[in-house]
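Topology and contacts: notes
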Amino acid sequence: MIKQTIVAAFSALVASAAFAADGTPASTDAQMIKQGEYLSRAGDCIACHTASGGKPFAGGLGIDSPLGMIYSTNITPDKETGIGNYSYEDFDRAVRHGVAKDGHSLYPAMPYTAYAKVTPEDVKALYAYFMHGVEPVKQENKDTDIVWPMSMRWPLTVWRWMFAPDVATAPVTVNTSGADKQALLRGQYLVEGLGHCSTCHTPRGVALQEKALTDADGSAFLSGGVVEGWLAKNLRGDATDGLGAWSKEDITAFLKSGRNGHSAAFGGMAQVVEESTQHLTDDDLNAIAVYLKSLPPVNKDATKPLAYDESVANALRTGKDKSDGAMAFLNNCAACHRSTGKGYTETFPQLALSSTVNSADPASLIHIVLKGAQMPGTASAPTAYAMPGFDWRMTDKEVADVVSFVRSSWGNKGAAVSASDVAKVRKDIGAAPQPVRAQ
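Residues numbered from 1 in each chain as written. Predicted model: local features only at pLDDT ≥ 70, side-chain atom pairs only at ≥ 80, totals over all residues. Heavy atoms only, no water.

1. Considerations on the overall build of the chain
So the rule is basically this: Secondary structure elements are defined from DSSP: runs of H or I of at least 4 residues count as helices, runs of E of at least 2 residues count as strands, and each element is numbered from the N terminus. C-alpha atoms define the radius of gyration in this analysis, and the globule rule sets the expected value at 2.2 Å times the number of residues to the power 0.38. With a 1.4 Å probe rolled over the protein chains alone, any residue whose accessible area is under 20% of its type maximum counts as buried; one over 50% counts as exposed, and the rest are partly exposed. Whether two residues are in contact is decided by their heavy atoms: any pair within 4.5 Å suffices.
Scanning the chain from terminus to terminus reveals 18 helices and six strands. In terms of overall size, the chain behaves like a compact globule, its C-alpha atoms giving a radius of gyration of 24 Å where 439 residues would be expected to give roughly 22 Å. Burial analysis of the chain (439 residues in total) assigns 48% to the buried set. For the chain, the share of sequence-separated contacts (at least 6 apart) that also reach a separation of at least 24 residues comes to 63%.

2. Quick word on the packing of helix 8 (residues 181–194) against helix 12 (residues 282–293)
To keep it simple, the criterion reads: Simply put, an axis is a line fit to the C-alpha atoms, just over the touching stretch for a helix, and the angle between two N-to-C directions goes from 0 to 180 degrees. Reported orientations rely on four angle classes, namely roughly parallel under 35 degrees, roughly antiparallel over 145, roughly perpendicular from 65 to 115, and oblique for the rest. In this classification, the charged set is Asp, Glu, Lys and Arg, the nonpolar set is Ala, Val, Leu, Ile, Met, Phe, Trp, Tyr, Cys and Pro, and all remaining amino acids, among them Gly, are polar.
The geometry of helix 8 relative to helix 12 is characterised by a closest axis approach of 7 Å and an angle of 90° between their N-to-C directions. With respect to helix 12, the element helix 8 is oriented roughly perpendicular. On the side of helix 8, the interface is formed by Ala183, Leu184, Arg186, Gly187, Gln188, Leu190, Val191 and Glu192, while helix 12 contributes Asp284, Asn286, Ala287, Ile288, Val290, Tyr291 and Leu292. For the contact of helix 8 with helix 12, the residue count by class is nine nonpolar, three polar and three charged.

3. Digging into the pairing of strand 2 (residues 68–71)
Basically, it comes down to this: When DSSP finds two or more bridges between a pair of strands, those strands are recorded as paired.
In this structure, strand 1 (residues 62–65) lies alongside strand 2, joined through four bridges in antiparallel fashion. From the neighbouring strand, Ile63 faces strand 2, where its bridge partner is Ile70.

4. A few points about a nonpolar patch on the surface
Definition in use: Residues forming no salt bridge and having over 30% relative accessible area are the ones grouped into patches, like charges within 9 Å of each other and nonpolar side chains (Val, Leu, Ile, Met, Phe, Trp, Tyr) within 5 Å. Accessibility throughout is a Shrake-Rupley quantity obtained with a 1.4 Å probe, and a residue counts as covered only by protein chains that appear here. Salt bridges are counted wherever a side-chain nitrogen of Lys or Arg sits within 4 Å of a carboxyl oxygen of Asp or Glu.
A contiguous nonpolar patch, built from Trp154, Val158, Trp161 and Met162 and spanning about 530 Å² of accessible area, is present on the exposed surface. Its relative accessible area of 57% is what places Met162 among the exposed residues.

5. Things to note about the UniProt feature "binding site: heme c 2" (unreviewed entry) in the chain
The condition is simple: UniProt positions are given in the numbering used here, feature names are shortened, and annotations may be inferred rather than shown by experiment.
Feature annotation in UniProt assigns "binding site: heme c 2" (unreviewed entry) to the following positions: Cys197, Cys200 and His201. Here Cys200 is to be found in helix 9 (residues 198–201). In this view, Cys200 contacts Gly225, Val227 and Ala232; residues no more than four positions away in its chain are not counted. The residue His201 is located in helix 9 in this model.

Now the structure itself:
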């Protein structure tokens, strides 16, 4: 009995060690696995590595790139088709360096340029989770649809040398003081690193590289970018098209529930909220908000918020505005968004003074009118309100009329949209052909 007790105690001591001397996980430490699961949520790994209707993390999701379709890989611990044979070092090289186990460079569809900022301690927790907290799935990876010679991998090695940052050895630091210092540091770490917000919200250069990976690289960082026909909005301090008019509480509410008094999540951001940000702690959501509110505007003159103008609402109410855009709005949009453009708080988003409506690029607004959109269903706001698409019932001119009307009403200052602008978006997103009107 004594011998058995000693053996059991020794086994427990060995099992309690999270890592061996070489940094490789030596046990299924429950706390580390739980931490890794949380970090995987922060990184939204499931979004890209799970195909529609597929098993979690088994890959196969098509990611449309300018070069062709790239399919995400199986990152379950299956030893034949997944990463079950990856050592910690192999895992770290893939996540933070963009190099697969066999040595080939990964496409930057895998955001290793952001994950380079993740600390080794967090990478170890992620490794523990994917090795011991994820169900292995035997599913072969799919080759890309990129044709030769663009499919050659060696140029990606050059791309990494040119654009990938050095990997982190310690948490980020900034020169600041005050009560929000720790929140600012944590927010910067999440936004620049695991959250990889710049992957979508930063414009890209001719080599498809992000024009800035941090705020220190310039104001292009988080200034907005187009992804799969959606405008990933400006997250900087601009009042018209950024977050200048949003409070920290507005940002945390949006990330927690997918909606706030200004807007609602749609497109890819709806999935980010549903799969990732709603699961973060309130402290981490506040930290993200603190950091985003610290970013100055792209346009230093764009700090004054737009002012609401009642003239259009009055003209619609009294029937004085009979323009094509106004009539299209009344017939298709006013029931939900109201003639005031103010919508219904956290149900049907307001169009008046909306940063999405006032963005220089109208891609998202056109996209929503054509194909519709749905809010995420979250724990704090479970009803997933949806807007139908109008691609089948509105011509390019009619869509252009109503979008132009919305962008110039209630105090909005967006430029007009043409039928050719709508035609391009219709084609790019695979919307239904425009209806044919009887002559």
